[in-house]
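# A closer look at the structure
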Amino acid sequence: MTEAELYSVYKGVYVPSLLHPPECLKHYEDFSFRPDDVVIVTYPKSGTTWMQEIVPLIQSGGDPTPVETVPNWDRVPWLEEHRAYLLNLEERPSPRIFATHFHYNMMPQSFFKDKPKVIYVMRNPRDVFTSSFHYYGMAAYLVNPGTQTEFLHKFLDGQVMFGSWFDHVKGWLNATDKESIMYISYEEMIMDLKDSVTRMSKFVGKSLTSEVIEKIADRCVFKNMKKNKMSNYSLVPTEFMDQSKSEFLRKGISGDWKNQLMVAEAEYFDAVYKEKMKDVKYNFVWD
Ligand code: A3P
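Residues numbered from 1 in each chain as written. Predicted model: local features only at pLDDT ≥ 70, side-chain atom pairs only at ≥ 80, totals over all residues. Heavy atoms only, no water.

### Focus: the overall build of the protein
If you tally the helices and strands in the protein, you get 16 helices and six strands. Relative to its length of 287 residues, the protein is compact, with a C-alpha radius of gyration of 18 Å against a globular reference of 19 Å. By its C-alpha atoms, the protein is 50 × 40 × 40 Å across when sized along the principal axes. Surface accessibility of the protein: about 12900 Å² in total, with carbon and sulfur atoms responsible for 53%. Taking the average place of the 34 positive charges on the side chains of the protein and the average place of its 39 negative ones, the gap between the two points comes to 3 Å. (Helix = DSSP H or I, 4+ residues; strand = E, 2+ residues; numbered from the N terminus. Rg over C-alpha atoms; globule rule 2.2 N^0.38 Å. Areas by Shrake-Rupley, 256 points an atom, 1.4 Å probe, with all protein chains shown as cover. Lys, Arg positive; Asp, Glu negative; His and termini not counted. Charge placed at Lys NZ, Arg CZ, Asp CG, Glu CD.)

What follows is the structure in structure tokens.
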């Protein structure tokens, strides 16, 4: 099926129509944040599911009950998805934890007024591309990626769900009210998960012992987290996500793009990256 059949255009970017009917996007527009909400913001395939495991464990002080009993999409709902509309989020006690793939300039009014805490997770776009290529091949609600080169062009042109990686990252890096935003990368989490959990817990104002931090980090390393059926998407029917084609928790490493991109594709990627990111001052781990 084509983009026109599977996606709608919302605030200038493609969103999969099945997951984001107009009434749920309206619900998000009218949503009221609280200053103590924690919002995990990511471009898709940058580590959202990982964060949906880590942050609830931080907030529960390491108690695994929330991650063992509630699927990640209800535990940390995406505010733009139809589930958010059904979950009575207004009734949830503080501190609430949400996820969103929205660009900065797509965020609803209350976000700018009430200033919830944001953890913005970035990942090397070459690995985001690689992860996306496999994901688009197994998820029925997304347009089939076609050949790798075809998908590379779509990805670099932002003709994919939630638009351009470059616009997403640049928008969030240029956000005002930076004191309520923590920036972290997938690669930093791979390199030192304990340190990442420590920084995140400080940011959300949760004081944890080193033992608890160690326990959380251990639960959330790829091979352990992959066993959690509340987080590995094994509860989703095969017609929707066919994990025999590619698992959702696929490889969980940084640098897999080196196994995926042909030399010419990597060179093209680098040229586009250099041009689009030329004015960005941030020191990315992957540069
Ligand atoms: P790969 O396809 O490269 O393996 P998202 O949740 O934003 O859709 O991102 C999915 C990517 O995050 C996948 O990348 C997935 O394997 C990876 N991921 C999920 N949990 C992880 C973990 N505990 N450790 C490392 N990577 C993880």
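There is more to say after this.
### Considering the pattern of salt bridges
In total, this model carries 16 salt bridges according to the counting rule given. Across the salt bridge formed by R126 and D270, the nearest N and O atoms sit 2.9 Å from each other. Within this pair, whereas R126 is found in helix α8 (residues 125–138), its partner D270 is found in helix α16 (residues 263–276), the two being separated by 144 residues in sequence. For D270, a relative accessible area of 35% gives the class partly exposed. For E188, the salt bridge goes to R199, with nearest N and O atoms at 3.1 Å. (Salt bridge = Lys/Arg side-chain N within 4 Å of Asp/Glu carboxyl O. Buried < 20%, exposed > 50% of the residue type's maximum accessible area, 1.4 Å probe, protein only.)

### Observations concerning helix α3 (residues 48–59)
In an α-helix, one full turn covers 3.6 residues, which means residues spaced three or four apart are oriented alike. An ideal rise of 1.5 Å per residue puts 16 Å on twelve residues; α3 measures up with 17 Å between its terminal C-alpha atoms. For α3, a buried count of twelve out of twelve residues is recorded, marking the element as mostly surrounded by other parts of the structure. Among the residues of α3, those classed as buried are T48, T49, W50, M51, Q52, E53, I54, V55, P56, L57, I58 and Q59. Of the residues flanking the end of α3, it is G61, one or two places downstream, whose phi is positive at about 70 degrees. (Expected span 1.5 Å × (residues − 1).)

### Some remarks on the packing of aromatic side chains
Throughout the structure, instances matching the rule amount to 34 aromatic pairs. For the ring pair F133 and F151, a centre distance of 5.9 Å and an interplane angle of 40 degrees mean the geometry is tilted. Note that F133 is positioned in helix α8 and F151 in helix α9 (residues 148–157), a separation of 18 residues in sequence. Assessed through its relative accessible area of 15%, F133 is described here as buried. (Phe/Tyr/Trp six-rings, centres within 6.5 Å; stacked < 30°, edge-to-face > 60°.)

### Let's talk about helix α10 (residues 165–173)
Turning to α10, its buried residues number three or more, namely W165, F166, H168, V169, W172 and L173. Take α10 and look down its axis: the buried residues cluster within an arc of 165 degrees, on one side only. The opening residue of α10, the one whose side-chain oxygen lies 3.0 Å from the backbone nitrogen of F166, is S164. (Arc of directions from axis to C-beta. Polar contact = N/O pair within 3.5 Å; in protein donor to acceptor, adjacent residues only side chain to side chain.)

### Quick word on the side chain of N72
Looking at where N72 falls in the secondary structure, it is placed in helix α5 (residues 72–75). Note on N72: relative accessible area 0%, which makes it buried. Of note is the side chain of N72, whose polar atom sits 2.7 Å from the side chain of Q52.

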